[in-house]
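A closer look at the structure
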Amino acid sequence: MLRLVRLFVTFCVDLYTMLFNNGKKQILPPIANPILLMSAVEISNNIKQGKLKARNVIEAYFERIESINLSINAVIAIREDALIDADQIDAKVQHELRGNQPLDGVSIQDKPLLGVPFSVKDSIGVKGMIISVGLYSRRNEVALKDSTVVANLREAGAIPIAITNVPEMLTWYDTYNKLFGQTNNPYDLSRTPGGTTGGEGALIAAAGSVIGVGSDIGGSIRIPASFCGIYGHKVTPEILSRDGLLPSVKEHMSYMFTCGPLCRYVSDIIPTVKAMAGSNISRLPNIEQRVDLSQISIYYMFETDIPWKTPLQQCVKNGLLKVVSYFEDEFDVNCVEISANEFNRCIDLWREAMLEATTIPIAEALGDKNGKISISFEILKSLFGLSHHTPKSLLVALLTKAQMKKQIDFKSNTKRTAKLTRKFSRLLADNGVFLYPSHPEVAPKHESTFFKMFNIDHTTVFNIMGMPVTQCPLGLNEDGLPIGLQIASKAYNDHLTIAVASEIYKAFGGWISPSRVQC
Ligand SMILES: *[C@@H]1O[C@H](CO)[C@@H](O)[C@H](O)[C@H]1NC(C)=O
Ligand SMILES: *[C@@H]1O[C@H](CO)[C@@H](O)[C@H](O)[C@H]1NC(C)=O
């Protein structure tokens, strides 16, 4: 019955989008500057050798942002001071290349991301920049200091250049709010880039940034990375600091919420994670360990059985199968399909864990400084286009309110989750990875996600288990839309997931530009 309802709803939405949301497949301007095609590590190495000026890099990215932002609407604020930072770096490089001792005591050689531009999601503090989380009431809110991950990146020599759009209060997996509007997918502007780190996904994929900072409590790094055909890495919990990130979560549930990088080049994942972690990278002692891929074991699964979920698209399934047969042929690895029936209940476990994790009830979080909102009044206003809140936030608020009325046995949930995590960790051990589609479908049309809330269960399952995951692009489907795959491992084995992603890159390629490349 539920399946039939879902089919009917999907049919209506598809019909609607066909009639009212077509012909927006506009092409972005070509990439004309070779600087935009360098990885973060290449940029840094070239700057250190005096072959490239940090100022030229920042200018190249500012120009690119100006030429694409009108179409994708990913950037909500530009950090002009980036040019000042760049000039200081250029002067420092000149000084040290002439053989002088560093004036600030740290050599350019000890700055792994020297002069590398990066962008940041509008829920992670960058000193002096807006931090609105897409809330109308926070439109004038400015971060008084850098979040720790941003400070760590700057310590490594990187330069923040822009703040990017998010869905209101990070409540949905698209990127829309009443303050800055809707961000579009660079591969097809009538589709969503995903969320909640959606501005980052769109901007990086469109070559408007090279690395970005995101956060993930249910797929917020991996979903946009998957819809936009780039890499996203959800780091093992408790490695990267959450200081300066919104929203806050309760300490005992903090394993659900981690930040991590999004990037176009697989070779940038490890250097960026290291830079974001600062000295805390010591908690991930194996991060640079070499991985012998013939010694790994691979497990995989296609989908769960949830009536409200979109069934797995064939192109997404084929992507996973392509990877499985590659590893079987090339490394003689035995790949085992598993059926984890427990996964069917995980979306509920996650939703209840979210309830337990949040420090501020959603109605208060949406009201922010103005206090708790009245959900029904806002829904009424919404019908006349008068609410500052999005229909999706109000839906989440409504569902959460209903959920709060139920008696939830958090203790037994914790036990079940712990049992599942133990079972899975034993299976994967220290040489196993688990392949699972990042989402049941490629980037959907803007309006359609309203009825597809349960599709996020592909990503949420790894938040409740606190596992590290790399989202890896697997090329484009016949409509030119990116296909994504998650590679997960036991906690602290991030090096395994990144090694598998690197191998997939070697075999099949990685990011594919959504616009022509003319340089
Ligand atoms: C990006 O584009 C959108 C819409 O096209 C615009 O409203 C916004 O101000 C732009 N951002 C910047 C920083 O220019
Ligand atoms: C390391 O982690 C601790 C919390 O566990 C945090 O207070 C500290 O700021 C982190 N240091 C860095 C350099 O990120």
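Predicted, not measured: the structure shown is a model, and the values here were computed from it. Each chain has its residues counted from 1, running along the sequence as written. Chain labels run from A onward and ligand labels from 1 onward, assigned in the order the entries are written. Per-residue local features of the predicted model are confined to residues with pLDDT of at least 70, and side-chain atom pairs are confined, for both listing and counting, to 80 or more; whole-chain, interface and lining totals are unaffected and use all residues. To get the side-chain values, all heavy atoms of the structure are used, and hydrogens and water are removed first.

**Focus on the UniProt feature "domain: Amidase" (unreviewed entry) in the protein**
Threshold: UniProt positions are given in the numbering used here, feature names are shortened, and annotations may be inferred rather than shown by experiment. Helix and strand assignments follow DSSP, with helices taken as H or I runs no shorter than four residues and strands as E runs no shorter than two, numbered in order from the N terminus.
Under the feature "domain: Amidase" (unreviewed entry), the UniProt entry names residues 57–497. From the first C-alpha to the last, residues 57–497 spans 30 Å; its make-up is 35% helix and 14% strand.

**Digging into the site of ligand 2**
Rules: Near residues are defined by distance, with any heavy atom within 4 Å of the molecule or strand qualifying the residue. In the analysis that follows, any N or O atom pair within 3.5 Å is treated as a polar contact, provided that within protein one partner can donate a hydrogen and the other can accept it, and provided that, for residues neighboring in sequence, both atoms belong to side chains. For this classification, Asp, Glu, Lys and Arg are treated as charged, while Ala, Val, Leu, Ile, Met, Phe, Trp, Tyr, Cys and Pro are nonpolar and the rest, including Gly, are polar.
The full set of residues close to ligand 2 is Thr-148, Asn-152, Ala-277, Ser-279, Asn-280 and Arg-283. Between ligand 2 and Asn-280 there is a distance of 2.3 Å, counted from an oxygen atom to a side-chain nitrogen or oxygen. Contact between ligand 2 and Arg-283: an oxygen atom at 3.0 Å from a side-chain N or O atom of the residue. Each residue belonging to the shell around ligand 2 can be placed in one class, and the counts come to one nonpolar, four polar and one charged.

**A short note on the site of ligand 1**
The criterion, for reference: Here the accessible surface of atoms and residues is derived via Shrake-Rupley with a 1.4 Å probe, and residues count as covered only by protein chains that are part of the display.
Taken together, Asn-69, Leu-70, Asn-73, Val-75 and Ile-78 form the complete shell of residues around ligand 1. For ligand 1, an oxygen atom lies 2.3 Å from a polar atom in the side chain of Asn-69. Within the backbone of Val-75, an N or O atom sits 3.0 Å from a nitrogen atom of ligand 1. Considering ligand 1 on its own, with 360 Å² of exposed area, one finds that the protein chains cover 53% of that surface. Counting only elements with at least two residues in the shell around ligand 1, the list comes to helix H3 (54–72) and strand S1 (75–78).

**Observations concerning the sheet that holds strand S8 (residues 258–263)**
Defined as follows: Strands are treated as partners if at least two bridges between them are detected by DSSP. Lines fitted to the C-alpha atoms define the axes, with helices restricted to the stretch that makes contact. Angles between their N-to-C directions range from 0 to 180 degrees. Note on contacts: a residue pair qualifies if any of its non-hydrogen atoms lie within 4.5 Å across the two residues.
One open sheet holds the eleven strands; their spatial order is S1-S3-S2-S6-S8-S7-S12-S13-S11-S9-S10, and the pairing between them is mixed. Here the strands that pair on one side only, and so sit at the sheet edges, are S1 and strand S10 (335–337). Adjacent strand axes in the sheet meet at a mean angle of 25 degrees, parallel and antiparallel pairs treated alike. Note that strand S2 (residues 117–121) and strand S6 (residues 211–216) share three bridges and pair parallel. From the neighbouring strand, Ser-119 faces S6, where its bridge partner is Gly-212. Helix-sheet contacts for helix H6 (residues 198–205) involve S1, S2, strand S3 (159–164), S6 and S8, and the interaxial angle to S2 is about 150 degrees. Sitting on the sheet, helix H14 (residues 410–428) is in contact with strand S9 (297–300) and strand S11 (432–437), with an inclination near 115 degrees to S11.

**Some points on the packing of helix H10 (residues 346–357) against H14**
Selection rule: Orientation labels follow simple angle bins: below 35 degrees gives roughly parallel, above 145 gives roughly antiparallel, 65 to 115 gives roughly perpendicular, and whatever is left gives oblique. Here a crossing is called left-handed whenever its near helix is offset anticlockwise from the far helix by less than a right angle, and right-handed whenever the offset is clockwise.
Contact pair H10 / H14: the axes reach a minimum separation of 11 Å and the direction vectors enclose 125 degrees. Overall, the two elements H10 and H14 adopt an arrangement that is oblique. The handedness of the crossing between H10 and H14 is left-handed. Residues Cys-346, Leu-349, Glu-352, Leu-355 and Glu-356 of H10 form the contact with H14, whose own contacting residues are Phe-410, Asn-413, Thr-417 and Leu-420. Taken together, the residues of the contact of H10 with H14 sort by class into five nonpolar, two polar and two charged.

**Section: the environment of Thr-414**
Looking at the element boundaries, Thr-414 is found in helix H14. The spatial distance from the C-alpha of Thr-414 to the C-alpha of Glu-42 is 44 Å, given a sequence separation of 372 residues.

**Re the side chain of Asn-177**
Here Asn-177 lies in strand S4 (residues 176–177). Within the structure, the side chain of Asn-177 is placed 2.7 Å from the backbone oxygen of Val-166, a separation counted as a polar contact. Among all residues touching Asn-177, those that are not within four sequence positions of it are Gly-134, Asn-165, Val-166, Glu-168 and Thr-390.

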